[in-house]
Each structure stands twice: as C-alpha cells, then as structure tokens.
Number of protein chains: 2
Amino acid sequence: MDPDGVAKAFVEHYYRTFDSNRAGLVGLYQEGSMLSFEGEKFMGAAAISAKLTSLPFDKCLHKVVTVDCQPAGPTGGVLVFVSGSLQAGEGEHQIKFSQMFHLMPVGPGNFYVQNDMFRLNYG
Amino acid sequence: MDPDGVAKAFVEHYYRTFDSNRAGLVGLYQEGSMLSFEGEKFMGAAAISAKLTSLPFDKCLHKVVTVDCQPAGPTGGVLVFVSGSLQAGEGEHQIKFSQMFHLMPVGPGNFYVQNDMFRLNYG
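Residues numbered from 1 in each chain as written. Chains lettered and ligands numbered in written order. Predicted model: local features only at pLDDT ≥ 70, side-chain atom pairs only at ≥ 80, totals over all residues. Heavy atoms only, no water.

## Side note on the pairing of strand β3 (residues 60–71) of chain A
Residue and element names in this part refer to chain A.
(1) Moving on: Bridge analysis of β3 against strand β4 (residues 78–88) gives 11 bridges, and the strand direction is antiparallel. Within β4, the residue paired with Gln 70 across the bridge is Leu 79.
(2) Moving on: Turn length for the β3-β4 hairpin, with the two strands adjacent in sequence and antiparallel, is 6 residues, and the turn residue Gly 73 shows positive phi of about 135°. (Pairing = 2+ DSSP bridges. Helix = DSSP H or I, 4+ residues; strand = E, 2+ residues; numbered from the N terminus.)

Structure follows, in structure tokens:
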C-alpha cells in the first residue's frame, strides 16, 4: 500500500463529492465511523450523512492547500491531514479549515473513514 | 479509558514541554514514531527530537484554541486534533497552526506518540 497515493486519491474524491453531491459521502462511512464537526460529535454513517447534508448552504467550494499522510500503525490504516480554505454559499469569504481522517482498509485498495475531525480556523 | 481526559492531559503536557524544555519531548516518541513537520518527514524519537530542538527559535508560546479527540479504533489508540496559534521568537506575530497526534497505549494510563503531523496556517 502506498499511503501517499491513498491519501491523494481520497482527498480528491472526498472534496469533489462534498462540493458536488454531499449525500454521496455516506458511502465513505460505516456504522462505527465518528465525525467531530466544529466540536459536535456524530457516530455512524447515517448520523454523519444527516449532519453533512443539513449544513446551511447548498454551494460549497473547498480549496485544498496541504495534504499530509502517514501509515497509522499495524492495522493498515492511513492518517490524512488536510489544510485549506472553503467558500460556503454565494459570495461568502473564504474561511481556512483543517481536517483529519483515519482511513481503514476494507479489502484491497478500498478504505472507509473510521475517524473524521473538522475545524474552521477563523482568521 | 476516557479519550477526552487523555487528550486534555496530553495537550497540556505537550505544549508546556515544547514551550519550556523542547528537548524533554523526546520521551513522548518511540522508534516507530513519525513526525510530518510542515511537510518534512522524520521517523524515530531521535530524529524527531533533533528536528524539534533545532527549530530556529528559542522562545515559543503556543495558545491552544480547540482540542478534539476520538478513539482511534480497536488498538486502544486516541486521535487528538488541535488548532491554535503560536508565537515563535521575540516580538513575532502569532501564526495559526493545526496539529494532529495518534497516541498509542503503553501500559495503563500511559501513551506515546505514534503519529504527529503539524502545519502552520498562514493568514
């Protein structure tokens, strides 16, 4: 497994899906997945998807600036650490964000999101 | 194990040590520990400590703004996700940063840093 390749492909897929079809993110999570979104905690694909699809804006554009990744240890997981900026809604300012994902393998070349933590960095 | 308690205690200890006695951080890492620092990768306690102690400033002050944490999965690890600002050197501006740690247990109530990823968020 190449963690850098996994991280790059995941990040491209995640933010493209977030910005074009947020409901499509549900398939990336499982029953035991966890999301911390601006300090609020959600568990399981259904609760996580309900949160993401109920965010109070339709249009969103993420601009990824940095992607770091490391193997998470003997479980075969990959840790992905992203920073960037996003524009939510029409004509809004760009806001910096950072986000981390713990990807766990589910078969060759396939991963789900076990852990997801997201924060805005207000400037 | 209470992940929130572990994360809070770790974050206080880590940044207090970083700002007062950076060489003291070496004991938090092990042979297989990994650090990504502004995109540069280091492996093992010795290499990580060498990087941290050679940063080109003596005084540093971290101000932690948010701490999120989640259990990392069946291994007993804890993921800690921090955002805040720091002032490095004399009279310098505060710079936003974000950092994530994957803490792994080594006996009851003791953890080491398996993964550490750090980024400045330039404003």
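Read on for the rest.
## Topic: the sheet that holds β4(A)
All names here are of chain A.
(1) Moving on: Spatial strand order, β2-β1-β6-β5-β4-β3: 6 strands in an open sheet with mixed pairing. The open sheet is flanked by β2 (40–43) and β3, the only strands paired with a single partner. Recorded for the sheet is a direction-independent mean angle of 15° between the axes of neighbouring strands.
(2) Moving on: The strands that helix α1 (residues 3–20) touches are β1 (29–37), β3, β4, β5 (95–105) and β6 (111–121); relative to β3, the one it contacts most, it runs at about 160°. (Axes fitted to C-alpha atoms, helices over the stretch in contact; angles between N-to-C directions. Contact = heavy atoms within 4.5 Å.)

## Remarks on the pairing of β6(A)
In the case of a regular strand, side chains alternate between the two sheet surfaces.
All names here are of chain A.
(1) Moving on: Counting buried positions over the 11 residues of β6 gives 10, a clear majority of the element.
(2) Moving on: Pairing between β1 and β6: 5 bridges, direction parallel. Bridge assignment links Tyr 29 to a residue of β6, and that residue is Val 113.
(3) Moving on: Bridge count between β5 and β6: 10 bridges; the pairing is antiparallel. Within β6, the residue paired with Leu 103 across the bridge is Val 113.
(4) Moving on: Where β5 folds back onto β6 in an antiparallel hairpin, the turn is made up of 5 residues, including Gly 107, whose phi is positive at roughly 90°. (Buried < 20%, exposed > 50% of the residue type's maximum accessible area, 1.4 Å probe, protein only.)

## Here's the deal with the packing of aromatic side chains
(1) Moving on: Using the criterion set out here, one finds 19 aromatic pairs over all chains in the structure.
(2) Moving on: Ring centres of Phe10(A) and Tyr14(A) lie 5.6 Å apart, and the angle between their planes is 35°; on these two criteria the pair is classed as tilted. Taken together, the positions of Phe10(A) and Tyr14(A), both in helix α1 and 4 residues apart, correspond to about one turn of that helix.
(3) Moving on: Plain terms: the ring middles of Phe37(B) and Phe118(B) are 4.8 Å apart, the flat faces sit at 10° to each other, and that makes the pair stacked. With Phe37(B) in strand β1 (residues 29–37) and Phe118(B) in strand β6 (residues 111–121), the pair connects residues that are 81 residues apart, well separated along the chain.
(4) Moving on: Classification of Phe37(B) by relative accessible area gives buried; the value is 13%.
(5) Moving on: Three or more aromatic residues joined by ring pairs make a cluster, and in this case those are Phe10(A), Tyr14(A), Tyr15(A), Phe18(A), Phe37(A), Phe97(A), Phe101(A) and Phe118(A). (Phe/Tyr/Trp six-rings, centres within 6.5 Å; stacked < 30°, edge-to-face > 60°.)

## Remarks on the confidence of the model for chain A
(1) Moving on: When the pLDDT values of chain A are averaged, the result is 93; 98% of them are 70 or greater.
(2) Moving on: Per the prediction output, this complex has pTM 0.95; the corresponding ipTM is 0.94. (pLDDT = per-residue confidence, 0-100.)

## A short note on the interface of chain A and chain B
(1) Moving on: Chain A puts 31 residues into the contact, and the matching count from chain B is 31 residues.
(2) Moving on: Across the chain A to chain B interface the summed buried area is about 2,500 Å²; carbon plus sulfur atoms make up 59%.
(3) Moving on: Taken as a group, Gln70(A), Phe81(A) and Met117(A) account for 26% of the area that chain A buries against chain B, more than any other trio of residues on that side.
(4) Moving on: Applying the counting rule to chain A against chain B returns 4 salt bridges. (Buried area = accessible area lost by both parts, 1.4 Å probe. Salt bridge = Lys/Arg side-chain N within 4 Å of Asp/Glu carboxyl O.)

## Details of the environment of Val82(A)
(1) Moving on: Mapped onto the secondary structure, Val82(A) falls in strand β4.
(2) Moving on: Setting aside chain neighbours within four positions, we find Val82(A) in contact with Val11(A), Tyr15(A), Val64(A), Thr66(A), Phe97(A), Ser98(A), Gln99(A) and Phe101(A).

## Side note on the relation of the copies chain A and chain B
(1) Moving on: Of the transformation placing chain A onto chain B, the axial shift is 0.0 Å and the rotation is 180°, giving an RMSD of 0.0 Å. Taken together, these values place the two copies in the relation of a two-fold axis. (Least-squares fit on C-alpha atoms with pLDDT ≥ 70 in both.)

## Side note on the sheet that holds strand β5 (residues 95–105) of chain B
Residues and elements named next belong to chain B.
(1) Moving on: The strand order β2-β1-β6-β5-β4-β3 describes an open sheet built from 6 strands, whose pairing is mixed. The sheet terminates laterally at β2 (40–43) and β3 (60–71), the two strands that pair on one side only. On average, each strand axis in the sheet is inclined to that of its neighbour by 15°, with strand direction left out of account.
(2) Moving on: Strands β1, β3, β4 (78–88), β5 and β6 of the sheet are contacted by helix α1 (residues 3–20), whose axis makes an angle of about 160° with β3.
(3) Moving on: The strands that helix α2 (residues 45–53) touches are β1 and β2; relative to β1, the one it contacts most, it runs at about 40°.

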